[in-house]
Amino acid sequence: MERRGVESESAKQSMSDQIPNPASIPPATPGVPAATSPPTIQRGPTINIGDEFGTAKRNLPPAKIVLLAIGGVLVIACVIAFLQRAKPQGAGSLDSVTAVEIPGQNTVLVALTFTLRNTGEKPLWVHGIRGKLVTSGGELSSDAVSAVDFDRYYQAFPALKANAQPALSPEDKLQPGQEVQKTVVVGFPVTLDAFNQRHSVSAVIQPYDQPLPVVLTK
């Protein structure tokens with residue numbers, strides 16, 4: 001009986017050793033969650049927060065594409081401007097040039113005989129007529145003399161009448177497609193020798209309501 005009592009006391013002592021002492025467990029603080037293991041952090045792609053999505057770098061296409069687009073627009077605009085550029089309403093040729101010198105005045109009178117054709121779709125109304133002379137000394141321009149003075153000049157300088165045609169005058173009209181041969185007389189303040197060494201001489205016909213004149217050069 002005494003042995004059983006000893007064994008019973010030993011068992012009780014062993015059980016008391018296995019039960020933790022409540023004093024050794026720290027009390028829980030109200031409102032503070034119990035400590036847990038740290039959460040697992042998932043790593044993704046790195047984002048540079050310095051890039052602002054409202055900048056031109058983000059909103060505009062690449063510069064190369066922009067430059068190519070601008071270049072294409074400029075080419076198209078140039079082609080349209082070339083096709084729609086102003087053109088003279090007439091054409092033709094300068095067929096004959098006859099010059100005489102006025103004695104003692106260093107001036108020449110020049111009869112320009114030409115073929116003029118209306119290449120437009122509406123009547124060509126002659127507004128102004130002049131001559132243009134280009135020499136080594138520069139360019140000279142002179143209005144044509146009045147058609148009513150032709151006979152007087154022809155009498156004073158018969159050589160002017162060679163190859164001459166009826167005078168072209170302001171207010172003359174050519175219908176679309178019409179072709180005429182006409183003569184104008186102009187004066188230039190140069191000697192006959194300087195005129196004969198010219199670079200070119202032209203009859204310039206300016207129609208009404210046209211930005212460009214008809215220039216016939218020889």
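See the structure printed just above.
Parameters and conventions
- Residues numbered from 1 in each chain as written.
- Predicted model: local features only at pLDDT ≥ 70, side-chain atom pairs only at ≥ 80, totals over all residues.
- Heavy atoms only, no water.
- Helix = DSSP H or I, 4+ residues; strand = E, 2+ residues; numbered from the N terminus.
- Buried < 20%, exposed > 50% of the residue type's maximum accessible area, 1.4 Å probe, protein only.
- Contact = heavy atoms within 4.5 Å.
- Areas by Shrake-Rupley, 256 points an atom, 1.4 Å probe, with all protein chains shown as cover.
- Pairing = 2+ DSSP bridges.
- Core = buried A, V, L, I, M, F, W, Y, C linked by side-chain atoms within 4.5 Å.
- Phe/Tyr/Trp six-rings, centres within 6.5 Å; stacked < 30°, edge-to-face > 60°.
- Lys NZ or Arg CZ within 6 Å of the ring centre and 35° of its normal.
- Axes fitted to C-alpha atoms, helices over the stretch in contact; angles between N-to-C directions.
- Polar contact = N/O pair within 3.5 Å; in protein donor to acceptor, adjacent residues only side chain to side chain.

When you look at the overall build of the protein in this model, what are you seeing that I'm missing?
What the protein contains, in helices and strands, is five helices and eight strands. Buried positions account for 24% of the 218 residues belonging to the protein. Excluding contacts between residues fewer than 6 apart, the proportion of contacts in the protein whose partners are at least 24 apart in sequence is 70%. For the protein, the computed accessible surface area is about 15,500 Å², with 57% contributed by carbon and sulfur atoms.

I would appreciate a short explanation of the pairing of strand β8 (residues 214-217) in the present structure.
Moving residue by residue along a regular strand, the side chains alternate between the two faces of the sheet. With burial as the criterion, only one face of β8 is covered, namely that bearing Val214 and Leu216; the residues Val215 and Thr217 on the opposite face remain uncovered. By the bridge criterion, four bridges tie strand β7 (residues 200-207) to β8 in an arrangement that is antiparallel. Within β8, the position partnered with Val204 by the bridge is Val215. If you look at the hairpin formed by β7 and β8, you'll find six residues sitting between the two strands, and Asp209 has a positive phi there, around 55°.

Help me out: how do you make sense of the nonpolar core in this one?
A general tendency of soluble globular proteins is for nonpolar side chains to be buried together. Counting residues in hydrophobic clusters, the biggest one holds 23 residues, and the most contacted among them are Leu112, Phe114, Leu168, Phe188, Phe195 and Ile205. Of all the elements in the fold, those that place two or more residues in this core are β2 (107-118), β3 (124-135), β6 (179-188), β7 and β8. Considering each element in turn, this core owes the most residues, five residues, to β2. Beyond its immediate chain neighbours, meaning those up to four positions away, Phe195 contacts Val97, Ala99, Val108, Val110, Leu133, Phe188, Val190 and Val201.

Help me understand the packing of aromatic side chains in this model?
Aromatic ring pairs are defined here through the distance separating the ring centres and the angle between the ring planes. Per the counting criterion, the structure on display carries one aromatic pair. Against the face of Tyr153 rests Arg152, its NZ or CZ located 4.9 Å from the ring centre.

Help me understand the sheet that holds strand β1 (residues 90-102) in this model?
Within a beta sheet, neighbouring strands are joined by backbone hydrogen bonds and run either parallel or antiparallel to one another. Spatially, the three strands line up as an open sheet ordered β1-β2-β6, and their pairing is antiparallel. Here the strands that pair on one side only, and so sit at the sheet edges, are β1 and β6. The average angle at which neighbouring strand axes cross in this sheet is 20°, direction not considered. One ladder, built from ten bridges, connects β2 with β6; its direction is antiparallel. Residue pairing for β6: Val110 is matched across the bridge by Val186.

Please explain the pairing of β2 as it appears in this structure.
With eleven of twelve residues buried, β2 lies mostly within the body of the structure. When β1 meets β2, the two strands line up antiparallel, connected through twelve bridges. Bridge assignment links Ser96 to a residue of β2, and that residue is Thr113. Hairpin connection between β1 and β2: a loop of four residues separates the two successive antiparallel strands, and Gly104 in this loop has a positive phi of roughly 75°.

For this particular structure, what's the right way to read the side chain of Ser202?
Counting through the fold element by element, Ser202 comes out in strand β7. Among the residues examined, Ser202 registers a relative accessible area of 1% and is labelled buried. For Ser202, the side chain forms a polar contact with the side chain of Thr217, separated by 2.7 Å. Excluding its chain neighbours within four sequence positions, the residues that come into contact with Ser202 are Leu94, Leu112, Arg130, Gly131, Lys132, Val215, Leu216 and Thr217.

Distances and angles like these do not, on their own, reveal function.
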